[in-house]
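# Observations on the three-dimensional arrangement
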Amino acid sequence: MNPTRIDAIIDLAYGVLIFVSVVLIVVEGTRVGLALGLGVLVSYALHVIWKMARFDPEWMTREVEETVEEAVEQSIGEQVDAVQQQIETVDERIDRRPREDEIEDLLEETVADDAAGGGDGTENSGR
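Small disclaimer: the values here were computed from a predicted structure and weren't measured.

The feature "transmembrane region" (unreviewed entry), as given by UniProt, occupies residues 9-27 and 33-50 in the numbering adopted here. With 100% helix and 0% strand, residues 9-27 has its two end C-alpha atoms placed 27 Å apart. Secondary structure across residues 33-50 divides into 100% helix and 0% strand, with the first and last C-alpha atoms of the span separated by 25 Å.

Over its 25 residues, helix 1 (residues 3-27) runs 36 Å from end to end, which matches the ideal 36 Å to within 8%, given 1.5 Å per residue. For helix 1, the set of buried residues is Asp7, Tyr14 and Ser21. Backbone geometry just downstream of helix 1 places glycine 29 in the positive-phi region, at approximately 130 degrees.

In this section: the environment of aspartate 11. Note that aspartate 11 resides in helix 1. With 37 residues separating them along the chain, aspartate 11 and valine 48 place their C-alpha atoms 9.3 Å apart. Apart from the residues lying within four places of it in its own chain, the contact partners of aspartate 11 are Tyr44, His47 and Lys51.

A few words on a nonpolar patch on the surface. Taken together, Leu12, Val16, Ile18, Phe19, Val20, Val22, Val23, Val26, Val27, Leu38 and Leu41 make up a surface patch of nonpolar side chains, about 1000 Å² in accessible area. Put simply, the parts of the chain that give the nonpolar patch at least two residues each are helix 1 and helix 2 (30-55). Relative to the assigned elements, isoleucine 18 resides in helix 1.

Definitions and cut-offs
- Residues numbered from 1 in each chain as written.
- Predicted model: local features only at pLDDT ≥ 70, side-chain atom pairs only at ≥ 80, totals over all residues.
- Heavy atoms only, no water.
- UniProt positions renumbered as here; feature names shortened; annotations may be inferred.
- Helix = DSSP H or I, 4+ residues; strand = E, 2+ residues; numbered from the N terminus.
- Expected span 1.5 Å × (residues − 1).
- Buried < 20%, exposed > 50% of the residue type's maximum accessible area, 1.4 Å probe, protein only.
- Contact = heavy atoms within 4.5 Å.
- Patch = residues over 30% accessible without salt bridge, like charges linked within 9 Å, V, L, I, M, F, W, Y side chains within 5 Å.
- Areas by Shrake-Rupley, 256 points an atom, 1.4 Å probe, with all protein chains shown as cover.
- Salt bridge = Lys/Arg side-chain N within 4 Å of Asp/Glu carboxyl O.

Here it is as structure tokens:
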């Protein structure tokens, strides 16, 4: 038998089963019809996955690779953002510290103020 013809017959059979489940919902009630309908849909999904893998063996590999790539890109992106935030925090802390030239200017001003105010401060210690 021709594989394409068998696939067409199987697809038609799934369609008939879905139609039967709809009729059962109308006639018997929702429990029986929904149970059959959900079973048919799940088995049809498995059939489609099997068919895709049979006609295009690389299909599943590509799908898994794409999913993994997306997950890795998202994870790495989040980690890079976290590291960038930490770097910015450290930069802010460094910017708040006085720089070396500012410290030297403050020391020079203090020494100049002490020299202008009466010396080196040893004269006041004797009083």
